[in-house]
Amino acid sequence: MNNPVISVQNLVKRYKRADRPAVDDVSFSVGKGEFFAFLGANGAGKTTTISILTTTLSKTSGEVKIAGFDIDREARRVREKVGIIFQQPSLDPMLTAEENIRFHACLYGMCGYRPSFKSMPAAYRDRVMELAEIVGIKDALFRPIKKLSGGMQRKLEIIRSLIHTPDVLFLDEPTQGLDAVSRRGLWGYINETRERYGTTVFLTTHYIDEAENVDTVCLLNGGKIAACSSPEELKRKLLRHELILDAENRTELTSELTALGLPFTVNGRIAVPFQGTAQSIIARLQTKLTVLKTHEPSLEDAYIEFLNREKAA
């Protein structure tokens with residue numbers, strides 16, 4: 001990959017008195033505009049890695065560059081290039097929504113702090129209103145944080161993380177604690193801003209379905225990368241498609257499948273795993289079917305299969 005936005009080589013993080021490294025010789029790269037995800041159980045090393053990449057935690061060894069800048073020697077430049085939505089809300093409840101954004105913008109060197117929104121530079125005001133329109137909180141910009149719902153606060157954190165137009169947006173469990181409607185809405189806003197600004201998105205999440213449409217997914221286990229590929233490739237490696245069948249004469253159908261040498265399982269209905277096309281199986285069956293459909297595995301199916309294999313190993 002030429003000039004990756006995120007480059008991680010042999011990253012290690014050890015904590016004192018820990019039996020093993022929290023992050024153990026991890027290497028990967030992420031291209032500009034890519035949607036990248038880390039998945040793993042609690043303690044796998046996801047949050048530790050993202051904390052190192054955003055300069056909020058020191059590493060033990062290895063090399064990490066964000067937008068071409070070294071996280072140790074050029075930490076300030078790295079922070080200028082990234083936006084972060086943390087697991088836990090990090091808004092000041094004593095300020096209004098816009099005041100939280102204004103304070104953040106000034107910390108990132110966009111402009112000097114001014115006592116009111118109207119006194120801020122036009123570039124700042126235009127950017128705030130543009131993002132507020134995108135995420136749908138324009139009418140709530142000047143309300144106190146404590147009067148905003150959890151979903152509205154999450155949307156505000158998106159604006160705050162994007163106000164300085166970062167090259168990389170880090171999302172550490174961004175929808176934790178949100179209901180299903182708020183989760184869906186939040187992802188709609190994140191995808192829209194990603195498409196509009198070409199921002200690279202780095203995600204960690206426990207909601208596996210949120211990573212279904214990423215470009216690359218890496219599975220972490222015990223601080224190590226166990227697999228790293230596109231979701232489709234990962235599903236192909238771990239699982240097969242299934243043909244779901246049933247018949248009025250189920251005994252006849254199972255006998256025919258056995259005679260054809262086709263493996264199957266019976267759990268309510270008959271599932272026949274396959275690779276290639278389902279038509280090659282259907283064409284060989286003589287039994288009259290009452291149910292015929294295919295099941296395509298999800299990323300969550302593949303992730304659960306991965307965890308089961310790791311436990312069995």
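As the structure is a computational prediction, the values presented were derived from the model and not from experiment. (Residues numbered from 1 in each chain as written. Predicted model: local features only at pLDDT ≥ 70, side-chain atom pairs only at ≥ 80, totals over all residues. Heavy atoms only, no water.)

**A closer look at the overall build of the protein**
- Within the protein one finds 10 helices and 14 strands.
- Expressed as lengths along the three principal axes of its C-alpha atoms, the size of the protein is roughly 80 × 45 × 35 Å.
- Of all 313 residues assigned to the protein, the portion counted as buried reaches 47%.
- Across the protein, the fraction of contacts at a sequence separation of at least 24, relative to all contacts at a separation of at least 6, is 68%.
- In the form shown here, the protein has an accessible surface area of approximately 15900 Å², with 47% of it arising from carbon and sulfur atoms.
- Here the protein carries 42 positive and 39 negative side-chain charges, and the mean point of each set is 5 Å from the other. (Helix = DSSP H or I, 4+ residues; strand = E, 2+ residues; numbered from the N terminus. Buried < 20%, exposed > 50% of the residue type's maximum accessible area, 1.4 Å probe, protein only. Contact = heavy atoms within 4.5 Å. Areas by Shrake-Rupley, 256 points an atom, 1.4 Å probe, with all protein chains shown as cover. Lys, Arg positive; Asp, Glu negative; His and termini not counted. Charge placed at Lys NZ, Arg CZ, Asp CG, Glu CD.)

**Overview of the state of the cysteines**
- One pass over the full model with this rule turns up one disulfide.
- With its sulfur 2.0 Å from that of its partner, Cys218 forms a disulfide with Cys228. Taking the sign of the S-S torsion, -45° for the link of Cys218 and Cys228, the bridge is left-handed. Of this pair, Cys218 sits in strand E9 (residues 216-221) while Cys228 sits in strand E10 (residues 224-229), and the two are 10 residues apart along the sequence. (Disulfide = S-S within 2.5 Å.)

**Some thoughts on the pairing of strand E4 (residues 61-66)**
- Looking at chain direction, strand E1 (residues 6-13) and E4 are connected through five bridges and run antiparallel. Bridge pairing links Ser7 to Lys65 in E4.
- Sheet topology places E4 next to strand E5 (residues 69-70); two bridges connect them, and they run antiparallel. When the sheet's bridge partners are listed, Ile66 is paired in E5 with Phe69.
- Between the antiparallel neighbours E4 and E5 lie two residues, among them Ala67 with a positive phi of about 55°. (Pairing = 2+ DSSP bridges.)

**With respect to the sheet that holds strand E6 (residues 82-85)**
- Ordered in space as E6-E7-E8-E3-E9-E10, the six strands form an open sheet in which the pairing is mixed. The two strands at the open ends of the sheet, each matched to only one other strand, are E6 and E10. Across the sheet, the axes of successive neighbouring strands diverge by a mean angle of 15°, strand direction being ignored.
- Pairing analysis gives four bridges linking strand E3 (residues 35-39) to E9, with the strands arranged parallel. The residue bridging Leu39 from the neighbouring strand is Leu219, located in E9.
- Sheet strands in contact with helix H1 (residues 46-53) are E3, strand E7 (168-172), strand E8 (200-204) and E9, and its direction is about 150° off that of E7. (Axes fitted to C-alpha atoms, helices over the stretch in contact; angles between N-to-C directions.)

**Structural notes on helix H8 (residues 250-259)**
- Among the residues making up H8, those that are buried are Leu253, Thr254, Glu256 and Leu257. Down the axis, H8 shows its buried residues gathered within 160° of arc, on one side only. Facing away from the buried side of H8 by more than 90 degrees, the exposed set consists of Thr251, Thr258 and Ala259.
- Check the buried side of H8 and you find it contacts strand E11 (241-246), strand E12 (265-267) and strand E13 (269-274). (Arc of directions from axis to C-beta.)

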